[in-house]
Amino acid sequence: MLKEYEAALVEKKLLGIGNVLLTFACEDIAKMAEPGQFVNVSCSLFLKRPFGICTVDPIGNTFSIGVKEVGAGTKDILTASVGDVFSILGPLGHGFSFDGVKKIIAVGGGTGIYPLYFALDKAKRKGIPAICVNGFRSWQDAFFLSECEELSEKTIFASDAGDLGVKGTVMDALKLLQPEDLTDATVFVVGPEIMMKKVSAWAHVHQLSCQVSLEKRMACGFGICLVCVCKIKSDADNMPFHHVRCCKEGPVFQASEVIW
Amino acid sequence: MVDLSVRVGSVDFANPVILASGACGFGRELSEYVDMSTIGGICSKGLTLLPREGNPGCRVAETASGMLNSVGLQNPGLEAFLQNELPFMTGLGTRIIVNVAGHSTNDYQKMVERLGAPGTPVDVLELNLSCPNVTEGCMTIGATADGVYNLVNAVRSLTDKPLWVKLTPNVTSISETAHAAQDAGGDAVVLINTLLGLAIDVKTRRPVLQNNTGGLSGPAIKPVALRMVQECYRLISIPIIGVGGIMNAADVIEFMLAGASAVEIGTASLLHPAACAKIIKDLTAYAEDNCLEALSSLTGELKLW
Ligand SMILES: Cc1cc2nc3c(=O)[nH]c(=O)nc-3n(C[C@H](O)[C@H](O)[C@H](O)COP(=O)(O)OP(=O)(O)OC[C@H]3O[C@@H](n4cnc5c(N)ncnc54)[C@H](O)[C@@H]3O)c2cc1C
Ligand SMILES: Cc1cc2nc3c(=O)[nH]c(=O)nc-3n(C[C@H](O)[C@H](O)[C@H](O)COP(=O)(O)O)c2cc1C
Ligand code: FES
């Protein structure tokens, strides 16, 4: 049987402006989670809030999420102290597929870097080479730089301000990849929707398989309410699309299936 | 051992806790968290004759002690339900209620004929005359006493199975629509579906929901639901199933005192998948602590001032 966990916050680490890494004690989630899966975390508001799983420590029985403050729920979660107990559901959803993956180009923007970090970590353990491309607003906003460098063969950063890596977006950073970087690569993208759409189109042009992690407003997070649906291409004759649950069939989808 | 069982018309339930339509799918996901054979019953997602993809865009808005949804009856349609979902539900070992929705009287008739045929493994048909998120059928039918009467009357003779009529609170007089359900041969009324509401994003100055409006559920609506159950209990004679904002065993007791024979749990399962199991456990404890022989003896015991 699956369970709703009462998990204590065991560590809180400030990463960058408004971004905090929260570590929770929960043996089951630490042992079961796969990259791209998420947890639904209680806060003082009515609904839980979904966050991609960022790291797991199956020996120490902890896992972490990276949280960026954007509204009342994330603000409340970030005011918690070590020792506070949260009600957490997870690991939820379908994460990245590593089937047949020979090389990864991980493209992240904003909080997308959190689930990608977990994917890079798994890739490293499986001996799959990875290239990491990350976009930030500015140097001040950036975090996980050395961590990503450590897990990747090649790392390219981009910043809107131009004070870190390439000036511009991840699209500008992708232009710096060499033809051999693209050979046999699978693209994993997590970030703002507009960025994922552009990167998917880029991957399509270069004939690379691409997986995207979609973000929808959720309630239950485990598939019973149907509020979180994404538009996915349908092969039925009379139907151009299907509404598919982001929390259950996703959040990671093949980019080629997504209707943006 | 306390007797938690309840009877709603001709159907008995192991306990009064039923999973509400639209907040439990077809039981697959919750069965991973809860032993479903311990629940009183499960009510399917609202079904239509043909598959529906539901409404586009953002379908949920959080509110104070509740939420708005505008799912818009996304469902696989009758045939796929019979083929893929009903066999699964039958295996859960609990009472099966099917929530029937439609665009027209004709739709409801076809659905009731099929689902209500003698051999179908369905215990109860729940007529959804109350979904606020579609432009035809449902709430537009359930908005008036005449609409309710005519619809229930049009399907009554098509099945021998119990027909529960799920009513909308978005009316001037709930007892009038409840009466209409009773007069047309409904076996019970289910009170209430969601209240029509609106949430606004002040940054974009647009409704949060792309459907503009949605149905309000959760503890925010419990007082409204309780009042409606109590009002109808005094004025009609068929059983009432209470729904709206039930989060714990005390809420169930309140609904039973107000006149409910059984209850349905919706939004609580979204927040806590095992909410129903906890509620049943706590109901047992309540009954023991209060030396109740049968929980069902609470129904309608409220003494008004
Ligand atoms: C599968 C998944 C994984 C996620 N992973 C992370 C993560 O690793 N780290 C992280 O910081 N955040 C993540 N998020 C986003 C996070 O869930 C939201 O930021 C959070 O729910 C906002 O809650 P709030 O109460 O602070 O903001 P609210 O007050 O609810 O909203 C504030 C603003 O954020 C927007 N917003 C809120 N929720 C969403 C959403 N789900 N999609 C798009 N816009 C939204 C609102 O439109 C509003 O403008 C993830 C979301 C999903 C669905
Ligand atoms: C996401 C969601 C979907 C729903 N779908 C249906 C439905 O398909 N048919 C129906 O009769 N009621 C539907 N309802 C209404 C519930 O069954 C219930 O009447 C209502 O939510 C009030 O109960 P609650 O406060 O316990 O959730 C839905 C409610 C929610 C929250
Ligand atoms: S959030 Fe409830 S089904 Fe996805």
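Further up the page is the structure itself.
Below or above, wherever it landed, is the structure these notes cover. Small disclaimer: the values here were computed from a predicted structure and weren't measured. (Residues numbered from 1 in each chain as written. Chains lettered and ligands numbered in written order. Predicted model: local features only at pLDDT ≥ 70, side-chain atom pairs only at ≥ 80, totals over all residues. Heavy atoms only, no water.)

## Section: the site of ligand 1
Moving on, step 1. Neighbouring ligand 1 are 20 residues; P50, G66, G73, T74 and R217 of chain A lie closest to it.
Moving on, step 2. Neighbouring residues of ligand 1 are not confined to a single chain but are spread across chains A and B.
Moving on, step 3. Within the contact set of ligand 1, an oxygen atom lies 2.6 Å away from a backbone nitrogen or oxygen of P50 of chain A.
Moving on, step 4. A distance of 3.0 Å is found between an oxygen atom of ligand 1 and a side-chain nitrogen or oxygen belonging to R217 of chain A.
Moving on, step 5. A total of 880 Å² of accessible area belongs to ligand 1 in isolation, and the protein chains cover 78% of it.
Moving on, step 6. If you tally residues by element for the shell around ligand 1, the top one is strand β4 (residues 49-57) of chain A, at four residues.
Moving on, step 7. Residues of the shell around ligand 1, tallied by class, amount to eight nonpolar, six polar and six charged. (Near = heavy atom within 4 Å. Polar contact = N/O pair within 3.5 Å; in protein donor to acceptor, adjacent residues only side chain to side chain. Areas by Shrake-Rupley, 256 points an atom, 1.4 Å probe, with all protein chains shown as cover. Helix = DSSP H or I, 4+ residues; strand = E, 2+ residues; numbered from the N terminus. Nonpolar A, V, L, I, M, F, W, Y, C, P; charged D, E, K, R; others polar.)

## Overview of the sheet that holds strand β10 (residues 166-167) of chain A
Residue and element names in this part refer to chain A.
Moving on, step 1. The seven strands lie next to each other as β10-β9-β8-β7-β11-β12-β15, forming an open sheet whose pairing is mixed. Looking at which strands have only one partner, the edges of the open sheet turn out to be β10 and β15 (252-254).
Moving on, step 2. Across six bridges, the pairing between strand β7 (residues 103-109) and strand β8 (residues 130-136) is parallel. In the sheet register, V107 faces β8, and the bridge partner there is V133.
Moving on, step 3. Across the face of the sheet, helix α3 (residues 113-126) comes into contact with β7, β8 and β11 (185-190) while running at roughly 165 degrees to β7.
Moving on, step 4. Against the sheet, helix α7 (residues 193-205) makes contact with β7, β11 and β12 (209-213), and its axis sits at roughly 170 degrees relative to β11, the strand it touches most. (Pairing = 2+ DSSP bridges. Contact = heavy atoms within 4.5 Å. Axes fitted to C-alpha atoms, helices over the stretch in contact; angles between N-to-C directions.)

## Some words on the packing of helix α4 (residues 145-156) of chain B against helix α5 (residues 174-183) of chain B
Residue and element names in this part refer to chain B.
Moving on, step 1. At a minimum axis distance of 8 Å, the contact between α4 and α5 shows a crossing angle of 20 degrees. Taken together, the axes of α4 and α5 lie roughly parallel to each other. In the crossing of α4 with α5, the sense of the turn from one axis to the other is right-handed. On α5, the residues that touch A145, V148, Y149 and V152 of α4 are E176, T177, A180, A181 and D183.
Moving on, step 2. Of the residues belonging to the contact of α4 with α5, the class tally is six nonpolar, one polar and two charged. (Parallel < 35°, antiparallel > 145°, perpendicular 65-115°, else oblique. Left-handed = near helix turned anticlockwise from the far one by under 90°.)

The quantities given are spatial measurements derived from coordinates; they are silent on function.
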